[in-house]
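Residue strings, one per chain:
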Amino acid sequence: MKLGRVVGTVVSTINAPAFDERTLLLCDLLDPDGRPTGGYTIAVDTVGAGAGETVLLLDEGNSARQVLSAPGAPIRTLVVGIVDAVEEEPAPQAQPGGPA
Amino acid sequence: MQLARVTGTVVATVKAPGLEGVKLLVIQPLDRSLKPAGGQLVAADAIHMAGPGELVYFVAAREAAQAMPDPFVPVDHAIVGIVDALTVAPEVEP
């Protein structure tokens, strides 16, 4: 899964039937520190996320279709969570006298 | 899924089985500011409504074939929607 930030919505009336009644969110991709990586994706919302929120993106087709109970849908990327916090262990420091 | 602009059409009479009747369009993938990003692609039109000049979104990989009536076709990019409006919240503009 990936981290993203919702930056907007995509509105579409002419689309594949699997997208009827679904909300599409435009999401910037983030690194774990919350900085944009430069990439973006359009994802189907499953949690009611809104603009500005940091979200968890599922980017795998079989999982996405299982979550939506939509076998055969041409959908790969979903917003599956709203992120409250990301904590990272500090990078391990080389110990003096220890292995390099 | 990514955004793209349709830039042309592809006509091919000799095609792999399964591609008969599939409309092929040339698309230019875009970044979210609608500037071209990367090279042009040939994509199948899964909605039968897209045409040159239109802003669309497309899926790649296995999901592209899933968008077609027969999901076992040699298609790796498919247009699955025409964009009516793209709203980007002002506070998160790049």
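Preceding this paragraph is the structure being described.
Anyway, here's the lowdown on the structure attached to this text. Since the structure is predicted, the reported quantities are computational estimates derived from the model, not experimental observations. (Residues numbered from 1 in each chain as written. Chains lettered and ligands numbered in written order. Predicted model: local features only at pLDDT ≥ 70, side-chain atom pairs only at ≥ 80, totals over all residues.)

Focus on the overall build of chain A
Thought 1: Scanning chain A for helices and strands turns up one helix and five strands.
Thought 2: Reading the secondary structure of chain A in the N-to-C direction produces β-β-β-β-α-β.
Thought 3: In terms of overall dimensions, chain A is more spread out than a globule: its C-alpha atoms have a radius of gyration of 17 Å, far above the 13 Å expected for 100 residues.
Thought 4: With the principal axes as the frame, chain A shows a C-alpha extent of 65 × 25 × 20 Å.
Thought 5: Within chain A, the fraction of its 100 residues that count as buried is 34%.
Thought 6: Nonlocal contacts in chain A, meaning residues at least 24 apart in sequence, comprise 51% of its contacts between residues at least 6 apart. (Helix = DSSP H or I, 4+ residues; strand = E, 2+ residues; numbered from the N terminus. Rg over C-alpha atoms; globule rule 2.2 N^0.38 Å. Buried ≥ 20, exposed ≤ 12 C-beta atoms within 10 Å, placed from the backbone. Contact = placed C-beta atoms within 7 Å.)

Side note on the sheet that holds strand E3 (residues 41-45) of chain B
Residue and element names in this part refer to chain B.
Thought 1: The strand order around the closed barrel formed by five strands is E1-E2-E3-E5-E4, and the pairing between neighbours is mixed. Along the sheet, successive strands turn relative to each other by an average axial angle of 55°, direction set aside.
Thought 2: Pairing geometry for E3 and strand E5 (residues 77-82), over two bridges, is parallel. Across the sheet, Asp-45 pairs through a bridge with Ile-79, a residue of E5. (Pairing = 2+ DSSP bridges. Axes fitted to C-alpha atoms, helices over the stretch in contact; angles between N-to-C directions.)

Side note on the pairing of strand E5 (residues 77-82) of chain A
Residues and elements named next belong to chain A.
Thought 1: As paired elements, strand E3 (residues 36-45) and E5 share two bridges and run parallel to each other. Paired with Asp-45 across the strands is Val-79, a residue of E5.
Thought 2: Examined bridge by bridge, strand E4 (residues 54-59) and E5 share five bridges and lie antiparallel to one another. The partner of Leu-56 across the bridge, within E5, is Gly-81.

Quick look at unusual backbone geometry
Thought 1: With a phi angle near 50°, Ser-69 of chain A is a residue other than glycine that sits in the positive phi range.
Thought 2: Relative to the helices and strands, Ser-69 of chain A is located in the loop between helix H1 (61-68) and E5.
Thought 3: The backbone of His-48 of chain B shows a phi angle near 60°, a positive value even though the residue is not glycine.
Thought 4: Structurally, His-48 of chain B can be placed in the loop between E3 and strand E4 (55-60).
Thought 5: Overall, His-48 of chain B belongs to the exposed group, with 10 C-beta atoms counted inside 10 Å.

Concerning the interface of chain B and chain A
Thought 1: At the junction of the two partners, chain B supplies 28 residues and chain A supplies 25 residues.
Thought 2: A per-class count over the side of chain B that touches chain A returns 18 nonpolar, four polar and six charged. (Nonpolar A, V, L, I, M, F, W, Y, C, P; charged D, E, K, R; others polar.)

Here we look at the pairing of E3 of chain A
Within a regular strand, the side chains alternate between the two sheet faces.
All names here are of chain A.
Thought 1: Judged from the six bridges that link them, strand E2 (residues 24-30) and E3 form a sheet pairing that is antiparallel. By the bridge assignment for E3, Asp-28 is matched with Tyr-40.
Thought 2: The loop that links E2 with its antiparallel partner E3 comprises five residues; one of these, Gly-34, has a positive phi angle of about 90°.

Some thoughts on the nonpolar core
Thought 1: Phe-58, Ala-78, Ile-79 and Val-80 of chain B are the most contacted members of the largest nonpolar core, which has 48 residues in total.
Thought 2: Excluding anything up to four places from it in sequence, Val-80 of chain B contacts Asn-15, Ala-16, Phe-19 and Pro-74 of chain A together with Ala-46, Ile-47, Tyr-57, Phe-58, Val-59 and Ala-67 of chain B. (Core = buried A, V, L, I, M, F, W, Y, C linked by C-beta atoms within 7 Å.)

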